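Results of the structural survey
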2 protein chains.
Amino acid sequence: VKIALAQLNFHIGNFEENTGKILNTIEKAKQESADLVVFAELAISGYPPRDFLEFSDFINKCLHSVEKIKEVCTDIAVIVGCPSPNTSGIGKPLFNSAFFIANKEIKHIANKSLLPNYDIFDEYRYFEPSSHFECIEYKGEKIALSICEDIWDVNESKMYSSSPMDQLIKQNPSIAINISASPFSVSYHHKRLKMLKANAVKYSIPIVYVNHVGAQTELIFDGNSTVTNANGDTVLQLKEFEEDLQLIDTSGIKQYPVVKYTKQPIAELHKALVLGVRDYFRKLGFKQAILGLSGGIDSAVTSVIAAEALGPENVINILLPSPYSSQHSIDDSVDLCKNLGSTYDIIPIENQYNSFNHSLEKQFKNLPFDLTEENIQARIRGVFLMALSNKFNYILLNTSNKSENAVGYGTLYGDMCGGLSVLGDVYKTQVYDLANYINRNSEIIPKHILIKEPSAELRPNQKDSDSLPDYTKLDEILQLYIENRKAPSEIIQMGYDETLVKRILKMVNINEYKRHQTPPILRCSEKAFGMGRRMPIVGKYLS
Amino acid sequence: VKIALAQLNFHIGNFEENTGKILNTIEKAKQESADLVVFAELAISGYPPRDFLEFSDFINKCLHSVEKIKEVCTDIAVIVGCPSPNTSGIGKPLFNSAFFIANKEIKHIANKSLLPNYDIFDEYRYFEPSSHFECIEYKGEKIALSICEDIWDVNESKMYSSSPMDQLIKQNPSIAINISASPFSVSYHHKRLKMLKANAVKYSIPIVYVNHVGAQTELIFDGNSTVTNANGDTVLQLKEFEEDLQLIDTSGIKQYPVVKYTKQPIAELHKALVLGVRDYFRKLGFKQAILGLSGGIDSAVTSVIAAEALGPENVINILLPSPYSSQHSIDDSVDLCKNLGSTYDIIPIENQYNSFNHSLEKQFKNLPFDLTEENIQARIRGVFLMALSNKFNYILLNTSNKSENAVGYGTLYGDMCGGLSVLGDVYKTQVYDLANYINRNSEIIPKHILIKEPSAELRPNQKDSDSLPDYTKLDEILQLYIENRKAPSEIIQMGYDETLVKRILKMVNINEYKRHQTPPILRCSEKAFGMGRRMPIVGKYLS
């Protein structure tokens, strides 16, 4: 049986586009004499459709797309993900389903059994778990069809009490097919490969694994669909961060050579961010980005990524020097724009800064300069950038990094503005790695930006190190707390300074209110700020 | 058996305060010769603890509080909600538990079986559902102990496939006790009473129902704990929106007179908002609020609610007239402040407005005045309000209503700023009802604010009705879409104009990006913007 793996970039709720892509791909697969073409989890709606699933009209539109797909299923079978109604009258109203269509008929519906409900996943919010397992017979193959999480339960920790593959294997399938919506995070594909190997070896079965590609707001899907042989080796590896369509002949899986996945984490991260920016603009129907260039490394890296995603001519860089900005910040920023071929403009903010200070003299009396005045500068920049965004239909890109977001080192409604946060899940130390990676062939980001001490330049001679610990240490502690959910006592036991640890974790916790109002953040780690990390604002723990 | 219902206001993760309250209340219950004192669901941690539950340190702190409570359980038994580890090694790592403690020992742990995972609830994210059911024998009573959702499965729609009470009733309990964390929405208590009646009648059993009171960020708990007799009639009703401790003697439940719940929805809403504001400030350790008074009804009602919550002396009203503000807006606002006894200050924004326009002349060339210039005014106000907030440690209150939030009629980083949105779940038509209710005894909100046509006053002679339909019609359509999840076709079938319906729903959908960055909104309906409504930003459906 010749199986086509269709790794496509869908758009949530864009039925016309999604169905069109599916129909075109079926046609292409037919031309390549495929017997079966496999699309990803919830391909028809896009993933994750979230509360759109609560509208019966939305579900009807999904099912209407299935009808259209049925019509072209002659001489080829199709597996496609789609929500479907739970008609039993008991349990949640929907299933997360995989439709098996052949001869213009739905021959089989496999429903997802293990519903992820952690981190960014909310599947138990919508779907009833299935407890019915049946393999599909097709042209001499017996297919164990499952959906994403259904095959993730092979490691030590048993998050679920049932195992779909344990059930399906009883029927002696000859091949397993899993349709997925597995989002990117750095190095995560290695975990997938390990999971696929564990399944293949445990059940002695080859596995066809089809994933989404493309970004949906904060979630980036890296594709990386694969075929694993019964020894657990990858024998087919689809592209990363791009649409792809590849075929495998099940009769010959044993003869395929083994493929090794060797991508560098930093190269993956870079590609992911570019795709994240590109898809956000394309799917919202925007072309041009605006951002504030400070002369620092975060806005420089953001600008480069935006230029790669949208074309340098579509990135509008604005320099907004305040009375505390240094000349080198302006020079470095201008050099960067010249290197990129992006436009830039300079709008000094001194007049507005003086004007606000003057209007507040009565209220502020002679109180000393403090964070307030720093924030005023950042917010004036926000007003300028948003005004240009409004007037010319640009989307403002936020340039904050994860380290800053974590400790609240940023101004709400100031430098925290934006339609999308590009680096909000990238720690400061990783931003440096990205910058070096960007400069791997030639100096795109001026070297001085990489070597100077980080500064917000919101008061005379300010440096980040005045209020924050060394970024290497900061990022380590943040990672232990955010990604690994370690308590202060555990982190201190690992040898970090007690006062420092407590100070940092307190900063993280008391700044939940700021992060509640940040733009969506492109997710690059297994624990990004946003929908995957849900913290109480009035919570007192560790604050 | 004398049972004390302890309806308390806990603070998420504030173990010292929560445990202290529980210990004090046990002492009080002892003094009133109670045999058993019942605390609410997850009382020890506060509800909802959200991702704090992923920290083993947090769980240890919860269990440490249980140890302290055990020590005082002499001559009295205690039922208290607390997360507890799932030691089976299979399934999620925690249970949502009710501890039954007597004679300084944990005699029984009942785990929640039905885990709500809709709207604002995420319980399946953390907890394993229980399938073990056992009644508790205590002083001659046999107690069917359950947790919140466990008894909600008595209506027509079967969201769950099992029923905890069906299991417990087999053991012939004499009384049911349910500990809850059931948040407020307008008129929701009637649904609770109906649910309690249905259970009492179905199982012929009296029910002791203990709920939380107090607000946790956006969620307001109204208390309203009750005792229902076996006929389904309420025989004891604790206070609403206040802490309360009341006793019932199980031997005499049949003799208690029936209590009717007769609260007006608008009075409930008003009390809820006041509590919501008060607790947000108290639990974050803030005393004073600042807000922008526009002369319109939304900011007027917000100011009154803040004054009731915090004391009028703690509400700083700022008038920020632009060149397009009318004199009556200033006069009306000043009158309101005088009526309230709150301070006010006037800061004209014309200088900053001119200054921004001047600095943007080169970029804007001679492009016509549009939304950009309106937004600049709103954002200048944001800068002023946040500057005062930063300098003096005020929390800025957001004054947007739900109708505006729905259609995106507001400026991101402008009038959408704030630490807390007071009216963000209150439709414009309800804001008028609230204003009339506030004025029920005397004119607190100047009458002119109630009768003038709504206007943002951001361009000459602007009125809301220039860009929005009549609010009565708008709110009806919004409610059908947001609360009732009706599709455009369904709403049109009900007789609404097709063009209007499509225009409104499109406005709702394309403004998800704005709502993603709004402050937390006090939840007053069964579908508020925020964590209870999760929509994709790049989604194309209906946009």
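Residues numbered from 1 in each chain as written. Chains lettered and ligands numbered in written order. Predicted model: local features only at pLDDT ≥ 70, side-chain atom pairs only at ≥ 80, totals over all residues. Heavy atoms only, no water.

**Considerations on the overall build of chain A**
Within chain A, the secondary structure is distributed over 18 helices and 19 strands. What you see for chain A is a C-alpha radius of gyration of 26 Å, in line with the 24 Å of a compact globule of 543 residues. For chain A, the spread of C-alpha atoms along the three principal axes comes to 85 × 50 × 50 Å. When each of the 543 residues of chain A is scored for burial, the buried share is 66%. (Helix = DSSP H or I, 4+ residues; strand = E, 2+ residues; numbered from the N terminus. Rg over C-alpha atoms; globule rule 2.2 N^0.38 Å. Buried < 20%, exposed > 50% of the residue type's maximum accessible area, 1.4 Å probe, protein only.)

**Some words on the nonpolar core**
Among the nonpolar cores identified, the biggest contains 137 residues, and Phe39 and Ile504 of chain A together with Phe39 and Ile504 of chain B are the most heavily contacted of them. Every residue in contact with Ile504 of chain A, bar those within four places of it in the chain, is listed here: Val407, Pro469, Leu474, Ile477 and Leu478 of chain A. With 52 residues, the next largest nonpolar core counts Ala215, Ala309, Cys337 and Val422 of chain B among its residues. (Core = buried A, V, L, I, M, F, W, Y, C linked by side-chain atoms within 4.5 Å. Contact = heavy atoms within 4.5 Å.)

**Overview of the sheet that holds strand 14 (residues 244–249) of chain A**
Residue and element names in this part refer to chain A. The strand order across the open sheet formed by six strands is 5-4-3-2-1-14, and the pairing between neighbours is mixed. Every interior strand has two partners, whereas the edge strands, strand 5 (105–111) and strand 14, have only one. Pairwise comparison of adjacent strand axes, ignoring direction, gives a mean angle of 30° for this sheet. Taken together, the three bridges between strand 2 (residues 36–38) and strand 3 (residues 77–85) define a ladder with parallel strand orientation. Paired with Val37 across the bridge in strand 3 is Val78. Contacts from helix 1 (residues 15–31) reach strand 1 (2–7), strand 2, strand 3 and strand 14 within the one sheet, and its direction differs from that of strand 14 by about 40°. Sheet contacts for helix 2 (residues 56–72): strand 3, strand 4 (94–102) and strand 5; angle to strand 3, the most-contacted strand, approximately 160°. (Pairing = 2+ DSSP bridges. Axes fitted to C-alpha atoms, helices over the stretch in contact; angles between N-to-C directions.)

**Brief notes about the side chain of Thr518 of chain A**
For Thr518 of chain A, the position within the fold is in the segment after helix 18 (512–515). At 2.8 Å, the side chain of Thr518 of chain A forms a polar contact with the backbone oxygen of Arg515 of chain A. Those residues within four positions of Thr518 of chain A in sequence are excluded, and the remaining contacts are Met416 of chain A together with His516 and Gln517 of chain B. (Polar contact = N/O pair within 3.5 Å; in protein donor to acceptor, adjacent residues only side chain to side chain.)

**Things to note about the interface of chain A and chain B**
Taken together, the contact between chain A and chain B spans 97 residues of the former and 98 residues of the latter. Around 8,400 Å² of area is buried between chain A and chain B when both sides are counted, 61% of it from carbon and sulfur atoms. Of all residues in chain A, the largest losses of buried area upon contact with chain B belong to Lys391, Val538 and Tyr541 of chain A, amounting jointly to 10% of the total for that side. Taken together, the links from chain A to chain B amount to 10 salt bridges. We note a salt bridge from Arg534 of chain B to Asp122 of chain A, for which the minimum N-O separation is 3.2 Å. Our enumeration of links across chain A and chain B arrives at 43 residue pairs in polar contact (both at pLDDT 80 or more). Elements supplying a minimum of two residues to the side of chain A that touches chain B: helix 2, helix 5 (265–284), helix 8 (350–359), helix 9 (361–364), helix 10 (371–392) and helix 16 (488–493) of chain A. (Buried area = accessible area lost by both parts, 1.4 Å probe. Salt bridge = Lys/Arg side-chain N within 4 Å of Asp/Glu carboxyl O.)

**As for the relation of the copies chain A and chain B**
Between chain A and chain B, which share one sequence, the superposing operator has a rotation angle of 180° and an axial displacement of 0.0 Å; the RMSD is 0.0 Å. What the rotation and shift describe, once combined, is the action of a two-fold rotation axis. Relative to the rotation axis, the closest C-alpha in chain A is found at Gln517 of chain A, a distance of 2.1 Å. By residue overlap, the copies meet face to face through one surface: 100% of the interface positions of chain A are interface positions in chain B. (Least-squares fit on C-alpha atoms with pLDDT ≥ 70 in both.)

**Regarding the packing of aromatic side chains**
Inspection of the entire model under this criterion finds 39 aromatic pairs over all chains. Geometrically, the ring pair formed by Tyr47 of chain A and Phe221 of chain A is edge-to-face, given 6.3 Å between the ring centres and 90° between the ring planes. With Tyr47 of chain A in the loop between strand 2 and helix 2 and Phe221 of chain A in strand 11 (residues 219–222), the pair connects residues that are 174 residues apart, well separated along the chain. Among the residues examined, Tyr47 of chain A registers a relative accessible area of 4% and is labelled buried. Since its relative accessible area comes to 1%, Phe221 of chain A is described here as buried. A connected cluster of aromatic rings, assembled from ring pairs, spans Phe15, Phe52, Phe55 and Phe58 of chain A together with Tyr481 and Tyr541 of chain B. The side chain of Lys391 of chain A reaches across the aromatic face of Phe364 of chain B, ending 5.0 Å from its centre. (Phe/Tyr/Trp six-rings, centres within 6.5 Å; stacked < 30°, edge-to-face > 60°. Lys NZ or Arg CZ within 6 Å of the ring centre and 35° of its normal.)

**A short note on the pairing of strand 8 (residues 175–179) of chain A**
Residues and elements named next belong to chain A. The element strand 8 is extensively covered by neighbouring structure, given that five of its five residues are classed as buried. Residues Ile175, Ile177 and Ile179 of strand 8 are buried on one face, and the alternating residues Ala176 and Asn178, pointing to the opposite face, are buried as well. Relative to strand 8, strand 7 (residues 141–147) runs parallel, the two sharing five bridges. Opposite Ser146, over in strand 8, you have Asn178 as the bridge partner. Two elements, strand 8 and strand 9 (residues 207–210), share four bridges in a ladder whose sense is parallel. Of the residues in strand 9, the one forming a bridge with Ile179 is Val210. In this view, the connection linking strand 8 to its parallel neighbour strand 9 by way of helix 4 (residues 188–203) has right-handed handedness. (Right-handed = clockwise from strand over helix to strand, strands pointing away.)

**Focus on unusual backbone geometry**
Residues and elements named next belong to chain A. Going from Tyr47 to Pro48, the amide bond is cis rather than trans, its omega being 0°. Considering the arrangement of structural elements, one finds Pro48 in the loop between strand 2 and helix 2. Residue Arg50 is not a glycine yet carries a positive backbone phi of 50°. When you line up the elements, Arg50 lands in the loop between strand 2 and helix 2. Unlike most non-glycine residues, Asp119 shows phi in positive territory, near 45°. The topology assignment puts Asp119 in the loop between strand 5 and strand 6 (136–138).

**Examining the pattern of salt bridges**
Inspection of every chain in the model, using the stated rule, returns 72 salt bridges over all chains. The residue Asp119 of chain A makes a salt bridge to Lys527 of chain A at a minimum N-O spacing of 2.8 Å. Of this pair, Asp119 of chain A sits in the loop between strand 5 and strand 6 while Lys527 of chain A sits in the segment after helix 18; the two residues are 408 residues apart in sequence, bridging distant segments of the chain. Lys527 of chain A matches Asp119 of chain A in its accessibility class, with the two residues each being buried. Close ionic contact of Arg533 of chain B with Glu512 of chain B constitutes a salt bridge, the shortest N to O distance being 3.0 Å. Residue Arg533 of chain B is located in the segment after helix 18 (512–515), and its partner Glu512 of chain B is located in helix 18; the two are separated by 21 residues in the primary sequence. Across this residue pair, the class does not change: Arg533 of chain B and Glu512 of chain B are buried. Because the salt bridges share partners, they merge into one network encompassing Arg50, Asp122 and Arg534 of chain A together with Arg50, Asp122 and Arg534 of chain B.

**Examining helix 5 (residues 265–284) of chain B**
All names here are of chain B. Spanning 20 residues, helix 5 covers 28 Å between terminal C-alpha atoms, matching the ideal 28 Å at 1.5 Å per step. The buried count for helix 5 comes to 15 of 20 residues, which makes it a mostly enclosed element. Among the residues trailing helix 5, Gly285 stands out with phi positive, at a value near 80°. (Expected span 1.5 Å × (residues − 1).)

**Remarks on the sheet that holds strand 9 (residues 207–210) of chain B**
All names here are of chain B. One open sheet holds the six strands; their spatial order is 6-7-8-9-12-13, and the pairing between them is mixed. The strands lining the two open edges of the sheet, one partner per strand, are strand 6 (136–138) and strand 13 (234–237). Direction aside, neighbouring strands of the sheet carry axes that sit 20° apart on average. Sheet contacts for helix 4 (residues 188–203): strand 9, strand 12 (226–228) and strand 13; angle to strand 9, the most-contacted strand, approximately 150°.

**Observations concerning the environment of Ser163 of chain A**
Residues and elements named next belong to chain A. Positionally, Ser163 belongs in the loop between strand 7 and helix 3 (164–168). A residue is classified by how much of its surface remains accessible, and Ser163, at 10% relative accessible area, is buried. In the structure, Ser163 is positioned 140 residues away from Ser303 in sequence and 46 Å away in space, judged by C-alpha atoms.

**Focus: the state of the cysteines**
Residue and element names in this part refer to chain B. Applying the stated rule across the entire model yields zero disulfides over all chains. Among the cysteines around Cys62, which has no disulfide bond, Cys82 carries the closest sulfur, lying 4.8 Å off. With no disulfide partner, Cys73 has as its closest neighbouring cysteine sulfur the one in Cys82, 13 Å distant. (Disulfide = S-S within 2.5 Å.)

**Description of the confidence of the model for chain A**
Looking at chain A, the pLDDT average stands at 96 and 100% of residues meet or exceed 70. With a pTM of 0.97, the predicted complex shows an ipTM of 0.97. (pLDDT = per-residue confidence, 0-100.)

**A closer look at the side chain of Thr19 of chain B**
Along the chain, the position of Thr19 of chain B falls in helix 1 (residues 15–31). Leave out the neighbours within four places in its chain, and Thr19 of chain B touches Ser65, Lys68 and Ile69 of chain B.

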